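Here are the chains, one letter per residue:
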Amino acid sequence: MLIFAGNSNLALGKKVARELGLTLSELEIHTFPDNENRVRVIDKVVGKDCIVVQSTGISPNLYYMELFFILDSLKRSGAKSVTLVIPYLGYQRQDHIFRSGESVSLEVIINLLSELKVDWAISLDLHSLKIEEFFKLHKIRISHVSALSIFADKIREMKLKGYVLVSPDMGGIRRIKQVSKMLDNASFISLEKNRDFKSGKIKTEKFEGRVQKNAIIIDDVISSGQTLISAAKILRESGAENIYVMATHGIFSGNAPQNLEESIIKKVIVSDTLEIPMDRKFAKLEIVSISRLISKTLNE
Ligand code: R5P
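My aim in this report is to walk through the structure given alongside it, one point at a time. If you're wondering where the values come from, they're calculated on a predicted model, not measured in any experiment.

Each value, and the rule that gives it
- Residues numbered from 1 in each chain as written.
- Predicted model: local features only at pLDDT ≥ 70, side-chain atom pairs only at ≥ 80, totals over all residues.
- Heavy atoms only, no water.
- Helix = DSSP H or I, 4+ residues; strand = E, 2+ residues; numbered from the N terminus.
- Buried < 20%, exposed > 50% of the residue type's maximum accessible area, 1.4 Å probe, protein only.
- Salt bridge = Lys/Arg side-chain N within 4 Å of Asp/Glu carboxyl O.
- Near = heavy atom within 4 Å.
- Polar contact = N/O pair within 3.5 Å; in protein donor to acceptor, adjacent residues only side chain to side chain.
- Areas by Shrake-Rupley, 256 points an atom, 1.4 Å probe, with all protein chains shown as cover.
- Nonpolar A, V, L, I, M, F, W, Y, C, P; charged D, E, K, R; others polar.
- Phe/Tyr/Trp six-rings, centres within 6.5 Å; stacked < 30°, edge-to-face > 60°.
- Lys NZ or Arg CZ within 6 Å of the ring centre and 35° of its normal.
- Core = buried A, V, L, I, M, F, W, Y, C linked by side-chain atoms within 4.5 Å.
- Contact = heavy atoms within 4.5 Å.
- Axes fitted to C-alpha atoms, helices over the stretch in contact; angles between N-to-C directions.
- Parallel < 35°, antiparallel > 145°, perpendicular 65-115°, else oblique.
- Left-handed = near helix turned anticlockwise from the far one by under 90°.
- Pairing = 2+ DSSP bridges.

Describing unusual backbone geometry
Next, step 1: Even without being a glycine, lysine 117 presents a positive backbone phi close to 65 degrees.
Next, step 2: By secondary structure assignment, the location of lysine 117 is in the loop between helix 3 (105–115) and strand 6 (120–124).
Next, step 3: A positive phi is found at aspartate 125, a non-glycine position, where the angle reads about 30 degrees.
Next, step 4: Following the sequence through the fold, aspartate 125 ends up in the loop between strand 6 and helix 4 (130–137).
Next, step 5: Owing to a relative accessible area of 6%, aspartate 125 belongs among the buried residues under this scheme.

A short note on the pattern of salt bridges
Next, step 1: Enumeration according to the criterion identifies 15 salt bridges in this entry.
Next, step 2: We note a salt bridge from aspartate 119 to lysine 75, for which the minimum N-O separation is 3.6 Å. Placement of aspartate 119 in the loop between helix 3 and strand 6 and of lysine 75 in helix 2 (residues 60–76) is noted, with a sequence separation of 44 residues between them.
Next, step 3: Each of the salt bridges in this network shares a partner with another, and the network as a whole consists of Lys154, Glu157, Lys267 and Glu286.

As for the site of the ligand
Next, step 1: In the region of the ligand, 15 residues are neighbours, and Arg93, Asp219, Asp220, Ser224 and Thr227 sit closest.
Next, step 2: Aspartate 220 is positioned with one of its side-chain polar atoms (N or O) 2.6 Å from an oxygen atom of the ligand.
Next, step 3: Measuring from an oxygen atom of the ligand, one finds a side-chain N or O atom of threonine 227 at 2.4 Å.
Next, step 4: Against a free-state accessible area of 380 Å², the protein chains account for coverage of 91% of the ligand.
Next, step 5: Taken together, the elements giving at least two residues each to the shell around the ligand come down to strand 9 (188–195), strand 11 (214–222) and helix 7 (226–237).
Next, step 6: Take the shell around the ligand: its biggest share by element is four residues, from strand 11.
Next, step 7: Considered class by class, the residues forming the shell around the ligand number three nonpolar, six polar and six charged.

Quick look at the packing of aromatic side chains
Next, step 1: Tallied over the entire structure, the rule returns three aromatic pairs.
Next, step 2: Ring centres of tyrosine 64 and phenylalanine 68 lie 5.7 Å apart, and the angle between their planes is 20 degrees; on these two criteria the pair is classed as stacked. Taken together, the residues span about one helical turn, with tyrosine 64 and phenylalanine 68 both in helix 2 at a distance of four residues. With respect to class, tyrosine 64 is no different from phenylalanine 68; both count as buried.
Next, step 3: Here the aromatic rings of phenylalanine 252 and phenylalanine 282 are separated by 5.4 Å at their centres, their planes lie at 90 degrees, and the arrangement is edge-to-face. Taken together, the positions of phenylalanine 252 in the loop between strand 12 (242–250) and helix 8 (256–261) and phenylalanine 282 in the loop between strand 13 (267–271) and strand 14 (285–288) put the pair 30 residues apart, joining distant regions of the chain.
Next, step 4: Through a chain of ring-to-ring contacts, the aromatic side chains of Tyr64, Phe68 and Tyr91 assemble into a single cluster.
Next, step 5: Over the ring of tryptophan 120 we find arginine 141, and its NZ or CZ is 3.7 Å from the ring centre.

So, the nonpolar core
Next, step 1: Among the nonpolar cores identified, the biggest contains 36 residues, and Ile155, Leu165, Ile216, Ile218 and Leu298 are the most heavily contacted of them.
Next, step 2: At five residues, helix 5 (residues 148–158) tops the list of elements feeding residues into this core.
Next, step 3: Non-local contacts of isoleucine 218, meaning those with residues more than four positions away in its chain, are made with Leu148, Ile155, Leu165, Val166, Ser167, Pro168, Arg175, Ile176, Val179 and Met246.
Next, step 4: By size, the runner-up hydrophobic cluster in this structure holds 32 residues, among which are Leu27, Phe68, Leu71 and Leu106.

Comments concerning the environment of aspartate 272
Next, step 1: Positionally, aspartate 272 belongs in the loop between strand 13 and strand 14.
Next, step 2: Here aspartate 272 falls in the buried class, since its relative accessible area comes to 10%.
Next, step 3: The spatial distance from the C-alpha of aspartate 272 to the C-alpha of arginine 99 is 33 Å, given a sequence separation of 173 residues.
Next, step 4: Residue contacts for aspartate 272: discarding those within four places in its chain leaves Asn9, Leu12, Lys15, Ile287, Val288, Ser289, Ile290 and Ser291.

Some points on the packing of helix 1 (residues 10–19) against helix 9 (residues 291–298)
Next, step 1: Helix 9 packs onto helix 1 with a crossing angle of 50 degrees between their chain directions and a minimal axis gap of 9 Å. Here helix 1 lies oblique to helix 9, going by the angle between them. When you trace helix 1 past helix 9, the crossing you get is right-handed. Two secondary-structure elements touch here, helix 1 through Leu12, Lys15, Val16 and Glu19 and helix 9 through Ser291, Arg292, Ile294, Ser295 and Leu298.
Next, step 2: In the contact of helix 1 with helix 9, the residues fall into four nonpolar, two polar and three charged.

Here we look at the sheet that holds strand 1 (residues 2–5)
Next, step 1: Sheet architecture is open: five strands sit in the order 1-4-5-6-7, paired in parallel fashion. What marks the edges here is a single partner per strand, and that holds for strand 1 and strand 7 (141–145). The mean inter-strand angle of the sheet, taken between neighbouring strand axes irrespective of direction, is 15 degrees.
Next, step 2: Relative to strand 6, strand 5 (residues 81–85) runs parallel, the two sharing three bridges. In the strand pairing of strand 6, leucine 84 is matched with alanine 121.
Next, step 3: The strands touched by helix 1 are strand 1 and strand 4 (49–53); relative to strand 1, the strand with the most contacts, the crossing angle is about 165 degrees.
Next, step 4: Its contacts with the sheet place helix 9 against strand 4, strand 5, strand 6 and strand 7, and it is angled at close to 155 degrees to strand 6.

Everything listed here is a matter of geometry and, on its own, says nothing about what the molecule does.
What follows is the structure, given as structure tokens:
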């Protein structure tokens, strides 16, 4: 078995390789002055099972193109099978048509992965359950792994005296119920979020249930951070003193690092599905690793 990693999250690729008792196989990724890429597999892959680790994050277009060329070069060079570890599957939030005339970007991505003959895909905390169905429709085996158990462990370690779990929107209710179950039916509430599709502005509104001194917001993705900052505001107005955030994928686009650091949120915990450059890390940020979840899944 051989394991390769694109440039999006080399640190995670190396960790997973180490846990599998392997080292990363060599890829030549050359970028031309016009930003086009040329990808070449160096090791002999004929008849071998190959794993590719590539995430997307803040530069989905760049890293998807790189991934497509890696997949193509493996198949052309005779790989027997290709398993794609795509910890964060970019473009997944556009999983249906929200307004007439839109493209369903998620479906475009899965079509391409299928064309490029991915046999098995492993991804973390997908935005909706129907995403798994898309993979199955394209005859790609999919393993949907979750970082929620790591967050539940973190919450136990925090030994907070009374807390409520919070979903920042109705779409996250399934997720919050799962964590509640892991924590002996901890109490939870769900906020109601509305996003203006044109401006992208977020408004968080009412919820039912009681807020406690400690509130832990759990989400799948942090991009601009607006969802969390808006949720934290309403929680504070409702009596929460300490507001914590846990999310699987930390994209942290634009001014998110600064805005979260300056917000009333006490701590932001994300996983390493995406590599966060040093200059975008901030004091309140803590990163936990999902590498063991991935290596365990690969060994199944
Ligand atoms: C939305 O439904 C997702 O679960 C996240 O809440 C959202 O994508 C976060 O985006 P942002 O950080 O830009 O508000």
